[in-house]
Amino acid sequence: MANVQDHPFHISNTLSRKKEAFIPLDAPHVGLYVCGPTVYSDVHLGNVRTFLTFDILFRWLTYLGYKVRYVRNITDVGHLVDDIDEGEDKIAKRARMERLEPMEIVQKYTNGFHDVMRQFNILPPSIEPTATAHLIEQIGMIERIIANGYAYAVNGSVYFDVPKYAETHDYGKLSGRKTEDQMSNTRGTEGQEEKRSPLDFALWKKAEKGHLMHWPSPWGEGFPGWHLECSVMSTKYLGHTFDIHGGGMDLKFPHHECEIAQSVAADGEAPVRYWMHGNMLTVEGRKMAKSEGNGFTPEELVTGNHKLLERGYSPMTVRFFMLQCHYASTLDFSNAALQAAEKGLQRLMAANDILAKLKPSAEGTSFDVGALVKACYAAMNDDLNSPVMIAHLFDGARAINGANDGNVALSQQEIDQLRKLFNEMLFAVLGLMPEAEAKAGDDLSAGLMSLLLTMRADAKNRKDFAASDLIRDKLTELGVTVKDTKDGPVWERA
RNA sequence: GGUCGCGUGGCCGAGUGGUUAGGCACAGCUCUGCAAAAGCUGCUACUGCGGUUCGAAUCCGCACGCGACCUCCA
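Computed from a prediction, not measured in an experiment: that's the story for all the values here.

## What about helix α7 (residues 228–238)?
Phase 1 of the analysis: Of all the 11 residues making up α7, 9 are buried; the element is thus mostly covered by neighbouring parts of the structure.
Phase 2 of the analysis: Every buried residue of α7 is accounted for by Leu228, Glu229, Cys230, Ser231, Val232, Met233, Ser234, Thr235 and Leu238.
Phase 3 of the analysis: Where α7 terminates, the next one or two residues include Gly239, which has phi positive at roughly 105°.

If you want it as structure tokens, here you go:
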């Protein structure tokens, strides 16, 4: 673990549009909230990237010694299909299609979401609250907003009064919008006649006939508005003002803007000090999104069962691929890039394996391990610059391989330092997992391999290379790679 | 239309006003019975046009191209 004092963390704050020193409200405690998935369909790859970004943040802050309370919600209440529809929400719609109870849908896709998170080694949050379990708090927040004069009830629905709020507050400060501009840019207002202003957004929606998920409220049967649950659950578990709120770039407006307005209107305090937004995943230059239909599921990516994929890629390859790009940049998916990442990850892992067996040596050129360690810390502290940190690890890998070949001098102390660094950065911080273990096979294959390699060694000793190569070639056909190293042959499954 | 962002070598992707990012691919060499792995060497870019500067891929302006948000979306 590193010491925060020696390694101050800097974070890009969407609010200020600047990189700022990260100073928690109540160090060493840090409150982190991330908008979680809506569980009405399979989690898609864009979600994985966002949750991976904040997984790295969680891991890094923890590594620095902070005590992080990480809250990531599950949206199980269902949001409206859009602002002007008849009130059927996404989960209800899906439930009708599949003839399942809404909560059955929720459970199914929550389980699926958790499976994917596990597969990609994304750590579970400290608290994973659900919207449906916080209806009372949501209703309470609406009542406070109404009491403060920033919301009004119409026909069983409640709307947030944006123009009223904008008179005295900066609605749009997060997303860089002006309410005047938005007024002139608003699209058709049909179906919105209940609202006093097209900018207003729903805090509570009356449940129309046939709407499956609804609850009683002071305004009648209905369900909460889209933005309310995050405001309620973040402040309930992290306080009226907390440190970091994260989410995908596409949530900046209106979702996060509305969260700010709700919290200020209800409790008079800005909820978040540092806003962090992860960028989008793109395919052929376009945003990968459910609505675009151009994405694939994590499962399809792993199995390769999708028309855009030449073959499957392991979860750790995908994880590493994503981490080779800064979270605030768009990342484009391509087979070539995935394959490059796969090779790179293998190289790093192989170097780490060599490091475990490396013996000290005074031969060759020296290598400054201390500088490498500092560079890795500096990269991560610079707004979570994992691609640069990984580049430094590759420098380390070259030194390790060089030492293994006798070209680089490393003392026992330096080797220990490198082992600590690689172990911490690769596994604790980047959250990578060695994949070889799962492929090693059972005792029987280990025994058979041992036998085959002994026979091959015999053949080689007799200079019967036809026989030795036959063994290696046949094994290759079976997906087993044999390599002759100076310490004898090693094998691994493809 | 409004707001914001991006445009880096064959590909993916970092980046600071002046020193090699890194990975993958490719070529040569070393090692090796061969192969693989590894090492060494090479390939050294910054959309275009102006401007600021002793000096800009990095700052400013314009142009072109692309994208995101403005509607549920991570």
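That shown, we press on.
## Considerations on the state of the cysteines
Phase 1 of the analysis: Tallying each qualifying case throughout the model produces 0 disulfides.
Phase 2 of the analysis: For Cys325, which is in no disulfide, the shortest distance to another cysteine sulfur is to Cys376 and amounts to 18 Å.
Phase 3 of the analysis: On the accessibility criterion, Cys325 (13% relative accessible area) is buried.
Phase 4 of the analysis: The class of Cys376 is buried, set by a relative accessible area of 0%.

## Overview of unusual backbone geometry
Phase 1 of the analysis: Note the cis peptide between Ala27 and Pro28, where omega equals 5°.
Phase 2 of the analysis: For Pro28, the location among the structural elements is in the loop between β2 (18–21) and β3 (29–34).
Phase 3 of the analysis: Omega for the peptide link from Phe253 to Pro254 comes to 0°, which places this bond in the cis form.
Phase 4 of the analysis: Structurally, the position occupied by Pro254 is in helix α8 (residues 252–267).
Phase 5 of the analysis: One non-glycine residue, Arg17, adopts positive backbone phi at about 60°.

## Examining the sheet that holds strand β13 (residues 331–333)
Phase 1 of the analysis: Pairing in this open sheet of 3 strands is mixed, and the strands run β12-β11-β13 from one edge to the other. Two strands bound the open sheet, and with one partner strand each, they are β12 (286–287) and β13.
Phase 2 of the analysis: Bridge count for strand β11 (residues 281–283) against β13 is 3 bridges, and the pairing is parallel. The residue bridging Leu281 from the neighbouring strand is Leu331, located in β13.

## Remarks on empty space enclosed by the protein
Phase 1 of the analysis: If you walk through the whole model with that rule in mind, you get 2 cavities of 30 Å³ or more.
Phase 2 of the analysis: By volume, the largest cavity is sized at about 100 Å³.
Phase 3 of the analysis: Every residue along the wall of the largest cavity is listed here: Arg49, Leu52, Thr53, Ile56, Met322, Leu323, Cys325, His326, Tyr327, Leu384 and Ser386.
Phase 4 of the analysis: When residues of the lining of the largest cavity are traced back to their parent elements, those giving at least two are α1 (45–63) and α10 (315–323).
Phase 5 of the analysis: The dominant element in the lining of the largest cavity, judged by the number of residues it contributes, is α1, at 4 residues.

## Here we look at the nonpolar core
Phase 1 of the analysis: Membership of the largest hydrophobic core comes to 92 residues, with the highest contact counts inside it found for Trp60, Ile244, Met322, Phe333, Leu393 and Met425.
Phase 2 of the analysis: Counting residues per element, this core draws most heavily on α1, which supplies 11 residues.
Phase 3 of the analysis: Here this core spans two domains, and each of domain 1 (4–278) and domain 2 (289–436) adds at least three residues to it.
Phase 4 of the analysis: Here Phe333 is in contact with Leu45, Leu281, Thr282, Met288, Phe296, Leu301, Phe321, Met322 and Leu338, once residues within four sequence places are set aside.

## Some thoughts on the packing of α7 against α8
Phase 1 of the analysis: Packing of α7 against α8 brings their axes to within 9 Å, and their N-to-C directions diverge by 60°. Comparing their axes, α8 and α7 come out oblique. Crossing angle aside, the handedness with which α7 passes α8 is right-handed. Two secondary-structure elements touch here, α7 through Leu228, Cys230, Ser231 and Thr235 and α8 through His255, Glu259, Gln262 and Ser263.
Phase 2 of the analysis: Of the residues contributing to the contact of α7 with α8, the split by class is 2 nonpolar, 5 polar and 1 charged.

Rules of the game
- Residues numbered from 1 in each chain as written.
- Chains lettered and ligands numbered in written order.
- Predicted model: local features only at pLDDT ≥ 70, side-chain atom pairs only at ≥ 80, totals over all residues.
- Heavy atoms only, no water.
- Buried < 20%, exposed > 50% of the residue type's maximum accessible area, 1.4 Å probe, protein only.
- Helix = DSSP H or I, 4+ residues; strand = E, 2+ residues; numbered from the N terminus.
- Disulfide = S-S within 2.5 Å.
- Pairing = 2+ DSSP bridges.
- 1 Å grid on protein atoms, 1.4 Å probe; cavity = no way out; pocket = protein on both sides within 12 Å on 5 of 7 lines; lining within 4 Å.
- Points joined across faces, edges and corners; volume = space filled by probe spheres on them.
- Core = buried A, V, L, I, M, F, W, Y, C linked by side-chain atoms within 4.5 Å.
- Domains from an automatic or database assignment.
- Contact = heavy atoms within 4.5 Å.
- Axes fitted to C-alpha atoms, helices over the stretch in contact; angles between N-to-C directions.
- Parallel < 35°, antiparallel > 145°, perpendicular 65-115°, else oblique.
- Left-handed = near helix turned anticlockwise from the far one by under 90°.
- Nonpolar A, V, L, I, M, F, W, Y, C, P; charged D, E, K, R; others polar.

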